[in-house]
Amino acid sequence: MSNIPIMPRRATEGDRSNPSTSGPASGHDEPRARGLPSTAVLAVGTFAVGTDAFVVAGFLPDMAASLNVTPATAGQSVTVFAAAYAVVSPILATVTARIPRRALLVGALVLLGLANLGSALSPSFPVLIGTRILAAAGAAAFTPNAGAVAATLVRPEARARALAVVVGGLTVATALGVPLGDVIGRWLGWRGALGTVAAMCLLVAAAVAVTMPMLPGGPQVALRTRLAVLRRPAVLTVLPLTVLGMAAAYSAYAYIVPALRAMDIGESSTVWMLFLYGAGAVLGNLAAGYATDRWGSVRVLSTGYLTMAAGLALLAWMAASGIALPAVAGLLVLVWGGSSWCQTPPQQHRLITAAPQEAPLVVSLNSSAIYTGIGAGTLLGGLTLPHGTPLVYLSGAALAAVALIFLLVTARKGSPSS
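One structure accompanies this document, and this report is about it. The model shown is predicted, which means the values in this text are computed figures rather than measured ones. (Residues numbered from 1 in each chain as written. Predicted model: local features only at pLDDT ≥ 70, side-chain atom pairs only at ≥ 80, totals over all residues. Heavy atoms only, no water.)

Okay, the overall build of the protein next. Summing up its helical and strand segments, the protein has 18 helices and zero strands in all. Expressed as a percentage of the 418 residues in the protein, the buried residues total 56%. Of the roughly 15900 Å² that the protein leaves accessible, carbon and sulfur atoms contribute 71%. (Helix = DSSP H or I, 4+ residues; strand = E, 2+ residues; numbered from the N terminus. Buried < 20%, exposed > 50% of the residue type's maximum accessible area, 1.4 Å probe, protein only. Areas by Shrake-Rupley, 256 points an atom, 1.4 Å probe, with all protein chains shown as cover.)

Shown next, in the form of structure tokens:
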């Protein structure tokens, strides 16, 4: 999920007089020398956040049975997490602006760890939902700031590499976090899997506290000022597409385990399907960045939505026909993952083209749009799951087709297309 903004920090008098709080702009080498180890720790943190966001998909049926709810209902925990992240992210960015960065990052990870521990110990589904909201708040406070801090910790010539390392934690979580959650869930149960995520968050919090240099907060910017960019028509045509595209991708993903089992794909094959989706996500994200520079955003997005619609439609046909071909299903899941996460680089490119002076802000808003789409898609998947697996896949295919139409129509009307 390469959606972390670079937020350069302006040096202050305190920075210049105190080596412990100086960033790259201050001329002191201490934070720079500690930059790469701190960046690696932050990448582990973003891996924990990414794993936490989607790990439920790996053990959804077992969690549903334990809490005496249906899989469709249990899947709404993903919806709630995503919706809470989307709503609180800009609010937290405003109210935490002045907090020193190390304290903010450690506090966010501690909150995320305690929230996951609460999820692991939840005696009922309503309690689980409450802990998922707290987890979303921790994730929303950590992720954007991890990227911004990484960019300030290293020399300018290493800044892109530092950001890539932090972003890599999220994309690797897509490839490994959920299938590992599925494996741990089989060994220790779903509560053990969430407990493992909690322990990882708390360990990373301790590592951040030890390795991170002191960095001050930024200026206080009113929420109304942050959101003023939404008045630009070009931005307003791009963000809804992010919501549509991610809703298409995730209408079935939260329910991928019961959906695959309904296609007579056994438990032993399910974990490999999750790995294939994650591998496709990583490859799609990397390829989209290169392809966007070479062929432009609209072509990449059009190809992605068309591929996603076709892949999900074929999965729906296989499910309706009772065809159990794990190799074919695995290929389609790989394509599904690639088309899901090829959206982010071109969408960010379009937003930065539309508002170059507010690049960090619009990329952050795109992150909120991503989670809004994930929440909406998971909600739709939960509504269609009781009516059969084919309808779950078809709903995603239909949304991908709608996203393609929306893209082509708005691109002709002059929204950013390069």
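Interaxial distance between helix α13 (residues 267-295) and helix α15 (residues 326-341) falls to 6 Å at its minimum, and their mutual angle equals 35°. Our pair here, α13 against α15, has a crossing hand that is right-handed. Facing α13, whose interface residues are M273, L276, Y277, A279, G280, A281, G284 and N285, α15 presents P326, A329, G330, V333, L334, W336, G337, G338, S340 and W341. Taken together, the residues of the contact of α13 with α15 break down into eleven nonpolar, seven polar and no charged. (Axes fitted to C-alpha atoms, helices over the stretch in contact; angles between N-to-C directions. Left-handed = near helix turned anticlockwise from the far one by under 90°. Contact = heavy atoms within 4.5 Å. Nonpolar A, V, L, I, M, F, W, Y, C, P; charged D, E, K, R; others polar.)

Of note in this structure, N68 is not a glycine but carries a positive phi near 60°. Within the secondary structure layout, N68 lies in the loop between α4 (60-66) and α5 (71-74). N68 sits in the exposed class, given a relative accessible area of 72%. A positive phi angle, near 65°, is found at D264, a position not held by glycine. Relative to the helices and strands, D264 is located in the loop between α12 (256-262) and α13.

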